Amino acid sequence: MPKIEKSEQEWREELTPEQFHVLRQKGTERPFTGEYDHVFEPGTYVCAGCGAELFASDAKYDSGCGWPAFSAPAGEDAVDEETDASHGMVRTEVLCASCGGHLGHVFPDGPHPTGLRYCINSAALKLEEE
Ligand code: FE
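This structure is a prediction, so every number in the text was calculated from the model and none was measured.

1. Here we look at the pairing of strand S7 (residues 102-107)
At step 1: Counting buried residues in S7 gives five out of six residues, a clear majority hidden from the surface.
At step 2: Alignment of strand S6 (residues 91-96) against S7, held across four bridges, turns out to be antiparallel. Bridge pairing links Glu93 to His105 in S7.
At step 3: What sits between the antiparallel neighbours S6 and S7 is a turn of five residues, in which Gly100 has the positive phi angle 75°.

2. Notes on the coordination of the iron ion
Put simply, a metal with four donors set out as a tetrahedron has ideal angles of 109.5 degrees, and one with six donors set out as an octahedron has ideal angles of 90 or 180 degrees.
At step 1: Listed as protein donors to the iron ion are Cys47 (SG), Cys50 (SG), Cys96 (SG) and Cys99 (SG); their distances from the metal cover 2.3 to 2.4 Å.
At step 2: Each of the four donor atoms bound to the iron ion contributes to angles spanning 102 to 114°, and the resulting shape is tetrahedral.
At step 3: For the iron ion, all donor residues lie on one chain, and their spacing in sequence is C-x2-C-x45-C-x2-C.
At step 4: With relative accessibility at 2%, the residue Cys47 sits in the buried group.
At step 5: The class for Cys50 is partly exposed, based on a relative accessible area of 24%.

3. Concerning the nonpolar core
At step 1: If you look at the biggest cluster of nonpolar residues, it comprises 27 residues, and the most contacted ones within it are Phe55 and Leu103.
At step 2: Counting only elements with at least two residues in this core, the list comes to helix H2 (17-25), strand S1 (43-47), strand S2 (53-56), S6, S7, strand S8 (117-120) and strand S9 (125-129).
At step 3: With three residues, H2 is the largest single contributor of residues to this core.
At step 4: In contact with Phe55, not counting residues within four places along its chain, are Thr44, Tyr45, Phe70, Ala72, Pro73, Ala74, Val79, Leu103, Tyr118, Ile120 and Leu125.

4. Details of the sheet that holds S6
At step 1: With antiparallel pairing, the six strands of this open sheet are ordered in space as S3-S4-S8-S7-S6-S5. Each edge of the open sheet carries a strand with a single partner, namely strand S3 (60-61) and strand S5 (79-84).
At step 2: Judged from the six bridges that link them, S5 and S6 form a sheet pairing that is antiparallel. By the bridge assignment, Thr83 is partnered in S6 with Thr92.

Reading the values: the criteria
- Residues numbered from 1 in each chain as written.
- Predicted model: local features only at pLDDT ≥ 70, side-chain atom pairs only at ≥ 80, totals over all residues.
- Heavy atoms only, no water.
- Buried < 20%, exposed > 50% of the residue type's maximum accessible area, 1.4 Å probe, protein only.
- Helix = DSSP H or I, 4+ residues; strand = E, 2+ residues; numbered from the N terminus.
- Pairing = 2+ DSSP bridges.
- Donors = N, O, S within 2.8 Å, 3.2 Å for Na, K, Ca; no water.
- Tetrahedral: all angles 85-135°; square planar, octahedral: opposite > 155°, others 65-115°.
- Core = buried A, V, L, I, M, F, W, Y, C linked by side-chain atoms within 4.5 Å.
- Contact = heavy atoms within 4.5 Å.

Everything listed is a geometric property; what it means functionally is a separate question.
The following block contains the structure:
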């Protein structure tokens with residue numbers, strides 16, 4: 001269970017409309033439009049909702065898919081993964097382990113050594129540059 005629980009109203013007040021749509025309504029930003037799609041500065045990507053560390057810039061790579069892609073989360077407990085059978089597909093949803101916010105999905109077509117592609121919405125992230 002997420003450690004941080006807030007009402008829909010509280011989230012609405014704290015987040016931008018885009019952040020709220022992605023994090024709390026499982027929305028997806030349009031490809032190639034996100035703030036971090038082509039950002040490769042060193043730093044830590046934290047949750048835009050709660051500030052928890054999610055991904056290190058070292059794990060970020062250019063997948064060409066139109067969203068920020070990472071080969072692994074920042075730590076074993078940083079994200080939760082759940083089966084998502086919406087939109088006529090079976091995918092694995094990625095959520096912030098701290099606040100339960102929707103981040104994106106993980107696909108088994110990533111680079112060596114994990115073979116994973118964490119395809120994450122920019123709106124769910126905030127880069128804290130080193
Ligand atoms: Fe969070």
